[in-house]
Amino acid sequence: MGTKHARSRTGGRTIPSQDVARPSGADGAAEPAPDCTLCPRLVSFRTTNRDIQPDWFNAPVPSFGNGAGRLLIVGLAPGLKGANRTGRPFTGDYAGDLLYATLLKFGFARGDYEARPDDGLKLVDCMITNAVRCVPPENKPTPAEIACCRPFLKNRILASGKLVAILALGRIAHDQTLAALELRKAAFPFSHGAIHAIGGGMTLADSFHCSRYNTNTGRLTPAMFEDVFRDIRNLIDTPCSGN
Ligand code: SF4
């Protein structure tokens, strides 16, 4: 496989791909068990949360959407009162309001998003997952916890045989996607709006995380987020354009 180049909407720069083969075959679970105990601090946190809020989901949040889709969106971790409460990624907090509205706008979802897991919303050609499946205190997983959950991300990617694009929401999701694919971070620096050709017919797109903090501070505007999805839509509809 020869060197390929990717486009960046933000700067028009090209980002070379590494010579890697698309991974094939899953060798483990893409979803953790509901009682996964690999991260003691996170298990303790969710046990405490269960005591405080017994009606909340309070477990590893499974991926949502079409596992055979061409787009995989990787977030950081469930929000305490969002996905950890509802049991569906990005559902029930501000980040989900922006993400699902944008997915609907660009044809990656259909139905109505009503911030609850039984709202009937369907993802189209797309799946959403998190680099860390359990809610961390203060939304900050430790490096050890991120590494511990990485095999599930890796297996999620391996199990998605038709993937064309992975969208990393934030630097940690970006770094974990590269680590899961055993790609060098230095070869693919995180940059909002960048689209990296990572080989094997896949691209890795970067966006700042759609958190309330990022939008409140103006780091990410809805228009910036839509630009990322416009690029991904074009890339998926005309795959030769990006990889
Ligand atoms: S974060 Fe991942 S590895 Fe750690 S306990 Fe939760 S599901 Fe298991």
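Here is what the cut-offs are and how they apply
- Residues numbered from 1 in each chain as written.
- Predicted model: local features only at pLDDT ≥ 70, side-chain atom pairs only at ≥ 80, totals over all residues.
- Near = placed C-beta within 6 Å.
- Helix = DSSP H or I, 4+ residues; strand = E, 2+ residues; numbered from the N terminus.
- Nonpolar A, V, L, I, M, F, W, Y, C, P; charged D, E, K, R; others polar.
- Core = buried A, V, L, I, M, F, W, Y, C linked by C-beta atoms within 7 Å.
- Buried ≥ 20, exposed ≤ 12 C-beta atoms within 10 Å, placed from the backbone.
- pLDDT = per-residue confidence, 0-100.
- Contact = placed C-beta atoms within 7 Å.
- Pairing = 2+ DSSP bridges.

Chemist: I'm lost on the site of the ligand in this one. Help?
Modeler: For the ligand, the set of nearby residues contains 13 residues, the closest of which are P32, C36, C39, C134 and C149. Tallying contributions element by element places helix α4 (residues 143-159) first for the shell around the ligand, with 3 residues. In terms of residue class, the shell around the ligand is made up of 11 nonpolar, no polar and 2 charged.

Chemist: Mind showing me how you'd approach the nonpolar core here?
Modeler: Within soluble globular proteins, side chains that are nonpolar generally end up buried alongside one another. L71, V74, A131, A165, I166, L167 and I232 are the most contacted members of the largest nonpolar core, which has 65 residues in total. Looking at which element gives the most residues to this core, the answer is helix α7 (residues 222-237), with 6 residues.

Chemist: What is the right way to look at the confidence of the model for the protein chain in this model?
Modeler: Detailed reading of the predicted coordinates is not advisable wherever pLDDT is low. Summary statistics for the protein chain give a mean pLDDT of 89 and a share of 87% for residues scoring 70 or more. Across residues 1-26 the pLDDT falls below 50, and counting only partners more than four positions away or on other chains, this stretch makes 63 contacts in the model.

Chemist: Help me understand the sheet that holds strand β9 (residues 195-199), please; the structure alone is not making it clear to me.
Modeler: Sheets are built from strands that pair by backbone hydrogen bonding, the pairs being arranged parallel or antiparallel. Read across the open sheet, the 6 strands follow the order β3-β7-β4-β8-β10-β9; overall the sheet is mixed. Unpaired on one side and paired on the other, β3 (64-65) and β9 mark the two borders of the sheet.

Chemist: Would you explain unusual backbone geometry in this entry?
Modeler: In most cases, non-glycine residues show a negative phi, while peptide bonds are predominantly trans. Non-glycine residue D125 carries a positive phi angle of around 60°. Inspection of the secondary structure assignment puts D125 in the loop between β6 (122-123) and β7 (126-130). For D125, a count of 16 C-beta atoms within 10 Å translates into the label partly exposed. Positive phi is not limited to glycine here, since E138 has a value of about 55°. Classification of E138 as exposed rests on a count of 6 C-beta atoms within 10 Å.

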